[in-house]
Structures are given as C-alpha cells and as structure tokens.
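In case you want the letters, here they are:
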Amino acid sequence: MAELLYLKEAEQVVTVAGASDKPKVGEDLSEIGVIERGSVIVEGEKIAFAGTDADARHYLQKRSGKVKTIEATGKILTPGLVDPHTHLVFAGSREQELTMRLKGKSYMSILQAGGGILSTTKSTRAATADQLAHESRLRLDRFLQHGVTTVEAKSGYGLATDAELKQLRVAQQLNNEHPVDVVSTFMGAHAIPPEWKQDPDGFVQLVAEEMIPQVAAENLAEFCDVFCEEGVFTVAQSQYILEEGKKHGLKPKIHADELVSFGGAELAAKVGAVSADHLLKASPTGIEQMAEAGVIAVLLPGTAFFLMTEPANARAMIEAGVPVALSTDRNPGSSPTESLPFIMNLACLTMKMTPEEVLAASTINAAHAIGRAKDIGSIEAGKNADLVLFDAPNYQTLQYNYAVNRVDTVMKAGKIVVEGGVLLEKTDNQRCSLATED
Ligand SMILES: N=CN[C@@H](CCC(=O)O)C(=O)O
Ligand SMILES: [Zn+2]
C-alpha cells in the first residue's frame, strides 16, 4: 500500500473546487473555495482528501499504513499553477530588441525588418533537437520553481515542415522527461518566413496541406494556433488554417487582436476556438461573441508590460461573462519570463483583477484552456496531486508582496520536486555550446 502524504494544517487551502466541467465566469470566478486551517492527503499520484484538519485526522484514523507528514503551518496551499500559453521551445535570445524598442522601434517594425520572430526562427532552424531540448529544459526548471506544474507549448519558430516537427518532437520529449507536463500546440502560422514573403498564400497552403496532416499523423499536437494580426495572417487565412486543423483533430486557438483590432475575437467565436489569446484590442462585439460561444480569453498582462502598452480589458470580459485565464506567454521577444506569479501580480495591478479572480484564472480556468480540467487546476479528491505550498499567511499576500517568489514546496503527481524554494533535481546540468541563459 502506498504511503500517504499528509500536508498538515495550512493557514488556507485554496481549492478552486467545483468547476471541472466548465470554466468559471462572472462572479463565480471569485469563488475559490478557501478552507481555513486546511489539510490535504495525497495517495500515490492523486489527491485522496481535502478538508479541514479535524476532518483530515478522522480520515487518517480510518486508514492503515504509513503516513508522512509535511507541516504546512504558516503557509498556504494552492493547486499547481497552469500556464496555458507559452512558446517554450526555441533557441537563442533577443536582448538587443529591448534597446531597439527603448529607442522607439515597434515590436511589429522589428518583425517586418526580418528580426523578432524571424530572428528566433533562424536560430531555432540552426539548432539541433538536443540543443533545443537543453535550452527548453532550463526554462521548465524555472517554471517549476515558480509553482507551475503544467504548461502549453507552441511551435512556430520553425516555419518549415521539418523545423516545425523538430520543435514539436522536442516538446513531446520534454513532456516525457520533465516533471512539468507539456501540452503541445502547432503554430506553423506564426509568421511568414522570408522564403515565402512574396507568396504568403503559398505558405498558408503549405501549413494547411503539408504541416497540419504531418503533425496530426505523428500525434504531435492537440491544438492549432494562428497569429491573426495585421501584417501577419489575415482573418480569412487564419480561418482556413484553423478549419483545416479541425479536420485533422486539432482544436483551434488564436493569437487575436494583440496590436490592432482585427476581428480575431469574432473569428475565435466563429470557429469555436477553445481560447483566444492576447485580446488587447478586442472589440466589444468580439467580446460579446466570445462570451456567447464560451471561448476562453487567455490574457497575457506580462506581454503588455514588456511591450509597454495597455493591457487587455479584463474587467469588460469578466462582466460580459467571458471565462478568463492568465498566462506568461513565455517567449524570447514579447515576454521573456517564467514567473506566472508575477503575471498574476500584473493581472491585479494593471488589469484590476481581484486576488480571487487571479487564482481561479491561473488554475482551473487555465486548465480548461488546455483541455486538462478533469485532472488538474483544483484541489479535489481524485485529481492529480499537483500542489504548491506558498510561504504566505493568506492568499492575498501573493498579490500584495508583488514580484517576490514565495514558492516553498512544489509537488508534481504526488512527488516533491521543489523544497524550501530549491529545485530538488536539476534536470539538465550540462552546458551546451549554443545555449544562452535567455
Ligand atoms: N505575438 C505573437 N507571438 C508571440 C511573440 C513571439 C516572439 O516575439 O517571439 C506572442 O504571443 O507574444
Ligand atoms: Zn504567444
């Protein structure tokens, strides 16, 4: 019989329970199921019990076998954080772009001059799968140290069939090797590569007719995403790619209305996207249509912060009944961070989301945005034992003491992987010739 793990008497257990079937919307987003002086019991990879400590002791009396106790006094316990939008797998870095942007160049003008996404495409194409895995593993380690136990990862720095497949195979390998679970999204339509600059429709055709079928045949992704934006992919091109993806079993996601209001939110509703992400410039009609269609808004306040622009209108979306989730958007150009807790701070301080809404948006709603809400995103008996102990007396402190990492212990599938804020096993100690510390 497996040893039981008894996480004993946290100041608060933030369960976010009761929303595994549907994401939280409106006022329900603030219902995060806090148990004061709560305890959680883990059996193997799963949560066996969550409740008050008095009830936990009764539960233990009825069970035989060994019990290992972890004292949680002075700390709070939350579900493992879920990051539903990252560009995890890439090579190289782009620090010089910050200086360019500080001197007045825009993110889009850097891309149009062949930098930005296209510069990362160059280094990603040149990197071996081992180099990509090495660089991405370091990022996953940092995610774990920030309490993130599951991430979504997009391709989109290959922009050619082989290079896209290489990125997705690395993501799959990392999912198998690393404690953090990696959920893959195919994003061949992330930018038009230089060799297709004169024939963007030809590239769209390549994505739809060659890349998507191969990704699906190798079972390399669950979702298909498109950068639907002025100067990148039009609404019609995006719709075509997402519909083709659907025919091959890839569920649609969209980078929508990030830089200009472009009809991305409306398209998300039309194609039945699981999520529309960014949405800084989403129109009121688009927001309304997303609410009606149940499209999750994955908001990325770190990207707005790093690009020094106004964030999305989270309050309008919550009031309209759109399910809202939060993410780092971890990528080398517009959001180079693995700190989902800092993104949560930004959601509070720049988008006026409450500490309760922020917690639900980074756990259960984020899990819905990647189709994992049955297994993760809340503390409930039967769910995976992905848990974080924060060194904080209450959950509000996580937003108040901003930009400080208060993660103490992280448990992934019942196994402790971070203790006292320290990663127990560095997954990759080797230096790699091409690796940067990006
Ligand atoms: N906006 C498009 N794609 C990414 C940025 C990618 C990059 O700059 O490398 C994003 O979500 O912000
Ligand atoms: Zn993105």
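Residues numbered from 1 in each chain as written. Chains lettered and ligands numbered in written order. Predicted model: local features only at pLDDT ≥ 70, side-chain atom pairs only at ≥ 80, totals over all residues. Heavy atoms only, no water.

**Observations regarding the state of the cysteines**
Inspection of the entire model under this criterion finds zero disulfides. No disulfide involves Cys-224; its sulfur sits 12 Å from that of Cys-228, the nearest cysteine. (Disulfide = S-S within 2.5 Å.)

**As for the side chain of Thr-409**
Relative to the elements of secondary structure, Thr-409 occurs in strand β15 (residues 407-412). Here Thr-409 falls in the buried class, since its relative accessible area comes to 8%. Engagement of the side chain of Thr-409 in a polar contact is seen with the side chain of Asp-408, the distance being 2.6 Å. When sequence neighbours within four positions are dropped, the list of residues in contact with Thr-409 reads Leu-387, Val-388, Leu-389, Ile-416, Val-418, Glu-419 and Gly-420. (Helix = DSSP H or I, 4+ residues; strand = E, 2+ residues; numbered from the N terminus. Buried < 20%, exposed > 50% of the residue type's maximum accessible area, 1.4 Å probe, protein only. Polar contact = N/O pair within 3.5 Å; in protein donor to acceptor, adjacent residues only side chain to side chain. Contact = heavy atoms within 4.5 Å.)

**So, helix α5 (residues 129-145)**
Its 17 residues give α5 an end-to-end C-alpha distance of 24 Å, which sits within 8% of 24 Å, the value for a rise of 1.5 Å per residue. Positive phi appears at Gly-147, one or two residues downstream of α5, with a value of about 85°. (Expected span 1.5 Å × (residues − 1).)

**Observations concerning the UniProt feature "binding site: Fe(3+)" (unreviewed entry) in the protein chain**
When the UniProt feature table is mapped onto this chain, "binding site: Fe(3+)" (unreviewed entry) is found at His-85, His-87, His-255 and Asp-329. Taken together, the annotated residues stretch across 245 residues yet fold into one region, lying no more than 12.1 Å apart by C-alpha. Structurally, His-85 is set in the loop between β6 (81-83) and α2 (96-102). Taking relative accessible area as the criterion, His-85 reaches 0% and is therefore assigned buried. Sequence-distant contacts of His-85, that is, excluding residues within four places in its chain, are made with Glu-152, Lys-154, His-255, Asp-277, His-278, Val-298, Leu-300, Ser-327, Thr-328, Asp-329 and Arg-330. Along the chain, His-87 turns up in the loop between β6 and α2. Owing to a relative accessible area of 2%, His-87 belongs among the buried residues under this scheme. Polar contacts involving the side chain of His-87 include one to the side chain of His-85, which spans 3.3 Å. (UniProt positions renumbered as here; feature names shortened; annotations may be inferred.)

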